[in-house]
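The residues making up each chain are set out below.
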Amino acid sequence: MSSNELENEGFLLQIRVLLNERGIKLWEAPYITPDRTPNEEEMGKLADTLAPETTIPRDRCLSVLRSLQQNALEKLQAKDEFVKTGVATVKLRAPTQTGSNRSFDLKLKVTDPGATLSELVGQRLSVDPRKIKLVCGGRVVDSTRTLEEQKVTNGAIVLALVMAHSEEEAKLECSTYDRVHKIRADAELLINENDSAKMMTLEDQSGNPIFLPKNEKKSLMVALTLYAKGKAALSAGKYEEALLLLLEADRDFRGCNSDLLNGVDNYALLNLDIVWCYLCLKNLNQLPDAAERLQLCEQKFRQSYGENMKRVAALKGEQSSEKTILVRLHLLKAILYYHQNKRDDARTMFRVVETELQSLRIDDACLSRLMECGHTLHESRMALRACSNDIERAIEYIHEQRERQEANEKRSRRELKLYERIGHATDTPQYWRIKLDLVDVLMEMGYTEELAALALKESDNDINGALNELQNNSKELRLKLLRCVVPDEQLVEQLIALGFPEEAARVALKTTTNRYDLAAEFLVANVSDGSVYSERLTKALQMIGPETAIHSAGGAATESSDNQATPSTSKGSSNSNKRTDPITEARSEEKRRKKEMLDIVFKSFSKEIGDSRDNHLDLSLAEETVLLEQYKALLGME
């Protein structure tokens, strides 16, 4: 809203409170005549009384009183009509490119589906109704359900989001509605088809990977992915698209049953961004939903960051970047207080925001010097805030953060690869984490990483139990490791391309826990003439069992083990035929095309999303500063 609009809003709130306190009803006598028209004389007297008490100019006071009276009469008329005919009056707000809102009323029955309201809005705005998304009470209106089921009733305020674009922009991309649905479809496709590639990983505040049951992980990953796209749209100033994506993410977050959401800040940040989006869309009519979301946000922050940021301070220091998020939270709370006419509460909270902004102020000269040293704007701003504009400490901070992030990423990659090698599933409810520090202790004693991890898995992370397994059940442990390793399909194909039989390639990858170079060396040493196996390889096949020689896509089993002591060349010819089989080639070609398609989707999908996990903490706070000064002026604060 402009300053004038905000000022008018402030006047209206003040006068409404005074009227309520004194029980003055502008829609009743003496302020209304018998023929239901305003009594100008009485309205003037009332303005003369209220203006001095509110310091509002008399003419402005009278104008506000007339506006309140008109709204009251329209509400009464709409209520009577609803009671008598069932026809409800719904108030629409549609943001425009200029930043203002088009406001108008529409009439329809609450038993109508959401699609009917979209059609009426489309007619009014001369827009295809399929390109319109309606938001009421913080939820996107479902076109198939009735308005009554979705609590869209008489007097409801509905936000209509429409793609606002020029003809040239329209040629470059589809509407907001289509983009949002395409983004969701792409996210689900990538997560369903490319989960093993870990398109997005889940981490706690220390950078450690978080693993969840498969179904819940999918919901959470879709929510986080849509949220990331929503934040990108918000940063780009595409507020309509951002709000839709954020509300879509909200729906998926609400579908997660895990207690994890109580311990991470993602859902809190989502609610904060939704309220910020309301503000950017000049849509302060969603106040009840905004208040509820900010309250939830505050609760989640306490759970994630600790009371008074104690948990974050322990992890990241007193001047943690999370404090920038609190500035936005406190600012939004102060703005809500203002629009709820809680002016004293608003003043108190605006003073808190002012103090916080001052403590997080960045010296422009220091910022320039750091960037001249080759550091990015993002890491320079974060470091200067964390180090109170001390350049030398900021440089050390940047290097420490880089090393910490690199170490966390390295540890995370190592853990994931290790779990894959020993077949430790991370997507089941029974999953628990193997302690890598205990793995390292056992490795120092001379055991391999895989055997050490498997022994700890067998002993529930008890190092004494693991040592007992390694010393007394070594043979059984090695056999278990051999059987639980799942060969990497891409590596299998690469070894087959070198001319090795598929079953031998799978055994080699199991034996070397998917280490390609070692697997190739193993095959060179144990396969001759492309088909004759050594005694070692033959025994390995016997130990693992015939089921491992069956191709995962449904290939036929190998011959029985009657001739295993002296393998015949028929095995080699069987594998050779498989490699040239048209069905196998068709599968490989389909797999290749699918991978290319997924790569294209991923590149298109991820191009707008920043690659830094701390982007949400790197706020310039320029917008917050402007809003603070704007509202301080309205409240007469110095």
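Please read these numbers as outputs of a predicted model, since none were measured by experiment.

A count of helices and strands for the chain gives 27 helices and seven strands. The buried share of the chain, reckoned over its 638 residues, is 45%. Across the chain, the fraction of contacts at a sequence separation of at least 24, relative to all contacts at a separation of at least 6, is 64%. Surface exposure of the chain reaches about 32,800 Å², of which carbon and sulfur atoms provide 49%.

Taken together, the buried positions of helix α17 (residues 436–444) are occupied by Leu436, Leu438, Val439 and Leu442. The arc that holds every buried residue of α17, seen down its axis, measures 155°, which confines them to one face. Buried residues along α17 sit against α16 (391–422), α18 (449–458) and α19 (463–472). One or two positions beyond α17, positive phi appears at Gly446, with a value near 110°.

Within the largest apolar cluster, 63 residues are counted, with the highest numbers of intra-cluster contacts made by Leu243, Leu270, Trp276, Phe301, Phe350 and Tyr631. Going through the elements one at a time, β5 (157–162), α7 (214–235), α8 (239–254), α9 (266–280), α10 (287–305), α12 (322–339), α13 (343–359) and α27 (622–634) are the ones with two or more residues in this core. With twelve residues, the single largest contributor to this core is α9. For Leu243, the contacting residues outside a window of four places in its chain are Leu159, Leu161, Ile274, Cys277, Tyr278 and Leu281. Of all hydrophobic cores here, the second largest spans 21 residues; its members include Phe500, Ala508, Phe522 and Leu537.

Quick look at the packing of α17 against α19 now. The contact between α17 and α19 brings their axes to 11 Å, and the two run at 40°. By the angle between their directions, the pair α17 and α19 is classed as oblique. Judged by the twist between their axes, the crossing of α17 over α19 is right-handed. Only Ile463, Ala466, Leu467 and Leu470 of α19 make contact with α17, whose side of the interface consists of Leu438, Val441 and Leu442. Of the residues that constitute the contact of α17 with α19, the class distribution is seven nonpolar, no polar and no charged.

Taken together, the side chains of Asp390, Glu392, Glu396, Glu400, Glu403 and Glu406 make up a negatively charged region of the molecular surface. Within the secondary structure layout, Glu396 lies in helix α16.

With that settled, consider the environment of Phe301. Residue position: Phe301 is located in helix α10. The spacing of Phe301 and Leu326 is 25 residues in sequence and 8.9 Å in space, taken between C-alpha atoms.

A few words on the pattern of salt bridges. Counted under the stated rule, the structure contains 26 salt bridges. Here Asp250 and Arg254 are joined by a salt bridge, their closest N and O atoms 3.0 Å apart. Residue Asp250 and its partner Arg254 are both found in helix α8; the two are separated by four residues, about one turn of the helix. Here Asp250 falls in the buried class, since its relative accessible area comes to 2%. Exposure remark for Arg254: the relative accessible area of 42% places this residue in the partly exposed category. Arg293 is paired through a salt bridge with Asp289; the nearest N and O atoms lie 3.0 Å apart. Taken together, the positions of Arg293 and Asp289, both in helix α10 and four residues apart, correspond to about one turn of that helix. For Asp289, a relative accessible area of 5% puts it in the buried group.

This part is about unusual backbone geometry. The omega torsion of the bond from Ala29 to Pro30 falls at 10°, within 30 degrees of zero and hence cis. Tracing the chain through its elements places Pro30 in the loop between α1 (3–22) and α2 (40–54). A positive phi angle, close to 65°, is found at Asn389, a residue other than glycine. Mapped onto the elements, Asn389 comes out in the loop between α15 (377–386) and α16.

Of all six residues in β5, five are buried, a share of seventy percent or more. Two elements, strand β1 (residues 87–95) and β5, share three bridges in a ladder whose sense is parallel. Across the sheet, residue Arg93 finds its bridge partner in β5, namely Leu159.

A few words on α15. Counting buried positions along α15 yields nine of ten residues, so the element is predominantly enclosed. Residues of α15 that are buried include every one of His378, Glu379, Ser380, Arg381, Met382, Ala383, Leu384, Arg385 and Ala386, and no others.

Another aspect to go through is the packing of aromatic side chains. A full pass over the atoms with the stated rule returns three aromatic pairs. Measuring from centroid to centroid gives 5.3 Å for Phe253 and Tyr267, while their planes differ by 45°, and the two rings are tilted. A residue pair is termed long-range when its members are at least 10 positions apart, and Phe253 in helix α8 and Tyr267 in helix α9 qualify at 14 residues. Tyr267 matches Phe253 in its accessibility class, with the two residues each being buried. Ring centres 5.7 Å apart and planes at 20° place the aromatic pair Phe350 and Tyr631 in the stacked group. With a gap of 281 residues between them, Phe350 in helix α13 and Tyr631 in helix α27 connect regions that are remote in the sequence.

In terms of burial, strand β3 (residues 132–136) is a largely internal element, five of the five residues being buried. The two faces of β3 match: Ile132, Leu134 and Cys136 on one face and Lys133 and Val135 on the other face are all buried. Relative to strand β4 (residues 139–140), β3 runs antiparallel, the two sharing two bridges. Bridge pairing links Cys136 to Arg139 in β4.

This prediction gives the chain a mean pLDDT of 78; 73% of its residues lie at or above 70. In this model residues 547–580 is a low-confidence stretch, pLDDT under 50, and it forms 39 contacts with partners more than four residues away in sequence or in other chains.

Among the structural elements, Ala633 can be located in helix α27. With a relative accessible area of 59%, Ala633 lands in the exposed category. On a C-alpha basis, the gap between Ala633 and Glu7 in space is 9.5 Å, while along the polypeptide they are 626 residues apart.

Look at α9 against α12: their axes get within 11 Å of each other, and the N-to-C directions meet at 50°. Here α9 is positioned oblique relative to α12, judged by the angle of their axes. Judged by the sense of rotation from one axis to the other, the crossing of α9 with α12 is left-handed. In this structure, α9 uses Leu269, Leu272, Asp273, Val275, Trp276 and Leu279 to contact α12, whose residues at the interface are Ile325, Arg328, Leu329, Leu331, Leu332 and Ile335. Its residues assigned to classes, the contact of α9 with α12 shows ten nonpolar, no polar and two charged.

Rules and cut-offs
Residues numbered from 1 in each chain as written. Predicted model: local features only at pLDDT ≥ 70, side-chain atom pairs only at ≥ 80, totals over all residues. Heavy atoms only, no water. Helix = DSSP H or I, 4+ residues; strand = E, 2+ residues; numbered from the N terminus. Buried < 20%, exposed > 50% of the residue type's maximum accessible area, 1.4 Å probe, protein only. Contact = heavy atoms within 4.5 Å. Areas by Shrake-Rupley, 256 points an atom, 1.4 Å probe, with all protein chains shown as cover. Arc of directions from axis to C-beta. Core = buried A, V, L, I, M, F, W, Y, C linked by side-chain atoms within 4.5 Å. Axes fitted to C-alpha atoms, helices over the stretch in contact; angles between N-to-C directions. Parallel < 35°, antiparallel > 145°, perpendicular 65-115°, else oblique. Left-handed = near helix turned anticlockwise from the far one by under 90°. Nonpolar A, V, L, I, M, F, W, Y, C, P; charged D, E, K, R; others polar. Patch = residues over 30% accessible without salt bridge, like charges linked within 9 Å, V, L, I, M, F, W, Y side chains within 5 Å. Salt bridge = Lys/Arg side-chain N within 4 Å of Asp/Glu carboxyl O. Lys, Arg positive; Asp, Glu negative; His and termini not counted. Charge placed at Lys NZ, Arg CZ, Asp CG, Glu CD. Pairing = 2+ DSSP bridges. Phe/Tyr/Trp six-rings, centres within 6.5 Å; stacked < 30°, edge-to-face > 60°. pLDDT = per-residue confidence, 0-100.

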